[in-house]
Amino acid sequence: MTSVPLRFANLALLILYPVAWFAPLMRAGLLPVFGLSEISVVTGLQSLWDSDVALALLVTFLAIFAPYLKTIGLALIHFGMMRRKVLPVLEILGKLAMADVFLIALYVVLVKGIGLATVETAWGLYLFTGCVLASIAISHLTAKR
């Protein structure tokens, strides 16, 4: 059986992930003279749906479904409703979610390198990254038990 703090930490992710999806990941704008608009996971996905549906589906899976399914799966294991045999699959889902954080960081570096745009990271990027890292830690601790 899993420890109570581990269960609560995992259940907290069920609340924190949706907050992170709507929180501003970054503020971006064309040159510092113009105002900066906030970009979140959800607003980024909305923009992608207009331009590239295939990429929007992939990012939707990586940013929303993969981490949330992993969190739900871990909760089911913690409460004895799913077998521990699915842990390797849940770990793969966690790695896919981390790939999304890497992509966001890569976009920030690329845009800053161009020099024509201003990009500032916002608190949502840290929250989303923290959720993914916490999920990886919870998964690791669950596998050790």
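Keep in mind the model is a prediction, meaning the values are calculated, not measured.

Peer 1: Sorry if this is basic, but what is going on with helix H3 (residues 53–78) here?
Peer 2: It helps to recall that an α-helix has 3.6 residues per turn; residues three or four apart then point in one direction. An ideal rise of 1.5 Å per residue puts 38 Å on 26 residues; H3 measures up with 36 Å between its terminal C-alpha atoms. The N-cap residue of H3 is Asp52: its side-chain oxygen and the backbone nitrogen of Ala54 are 3.4 Å apart.

Peer 1: Explain the packing of helix H2 (residues 41–51) against H3 to me, please; I cannot follow it from the model alone.
Peer 2: To characterise two packed helices, one gives the angle between the axes of the helices and the distance between these axes. Remark: H2 packs on H3, axes separated minimally by 7 Å, with the N-to-C direction vectors making an angle of 160°. The angle between the axes of H2 and H3 places the two elements in the roughly antiparallel class. In this structure, H2 crosses over H3, and the sense of that crossing is left-handed. Two secondary-structure elements touch here, H2 through Val41, Leu45, Leu48, Trp49 and Ser51 and H3 through Val53, Leu55, Ala56, Leu57, Val59, Thr60, Ala63 and Ile64.

Peer 1: Any chance you could explain the packing of aromatic side chains here in plain terms?
Peer 2: The description of an aromatic ring pair rests on the distance of the ring centres and on the angle between the ring planes. Evaluated as defined, the whole model comprises three aromatic pairs. With a centroid separation of 6.3 Å and 25° between ring planes, the pair formed by Tyr17 and Trp21 is classed as stacked. Of the two residues, Tyr17 and Trp21 both sit in helix H1 (residues 4–22), four residues apart, roughly one turn of that helix. Just as Tyr17 is buried, Trp21 falls in that class too. When the centroid spacing of 6.4 Å and the interplanar angle of 70° are considered together, the rings of Tyr17 and Phe128 count as edge-to-face. With a gap of 111 residues between them, Tyr17 in helix H1 and Phe128 in helix H5 (residues 123–144) connect regions that are remote in the sequence.

What counts and what doesn't
Throughout this description, residue numbers start from 1 for each chain and increase along the sequence as written. Where local features are concerned, this predicted model is filtered to residues with pLDDT of at least 70; where side-chain atom pairs are given and counted, the filter is 80 or more; whole-chain, interface and lining totals use all residues. With hydrogens and water set aside, each side-chain value is computed from the structure's full complement of heavy atoms. By definition, any uninterrupted DSSP run of H or I lasting at least four residues is a helix, any uninterrupted run of E lasting at least two residues is a strand, and each is numbered from the N terminus. One fewer than the residue count of a helix, multiplied by 1.5 Å, yields its expected span. Counting of polar contacts relies on pairs of N or O atoms within 3.5 Å, with two restrictions inside protein: one atom must be capable of donating a hydrogen and the other of accepting it, and residues adjacent in sequence are counted only when both atoms are side-chain atoms. Under this scheme, a helix contributes an axis fitted over its contacting stretch, all axes are lines through C-alpha atoms, and angles between N-to-C directions fall in the 0 to 180 degree range. Our angle categories are set so that under 35 degrees counts as roughly parallel, over 145 as roughly antiparallel, 65 to 115 as roughly perpendicular, and the remainder as oblique. Here a crossing is taken to be left-handed if its near helix is turned anticlockwise relative to the far helix by less than a right angle, and right-handed if that turn runs clockwise. Should any heavy atoms of two residues lie within 4.5 Å, those residues are considered in contact. The aromatic pairing rule takes the rings of Phe, Tyr and Trp, using the six-membered ring of Trp, and pairs them if the centres are within 6.5 Å, calling planes under 30 degrees apart stacked, those over 60 edge-to-face and the rest tilted. Burial here depends on accessible area, computed with a 1.4 Å probe over protein chains only, as a share of the maximum for the residue type. Under 20% is buried, over 50% is exposed, and the range in between is partly exposed.

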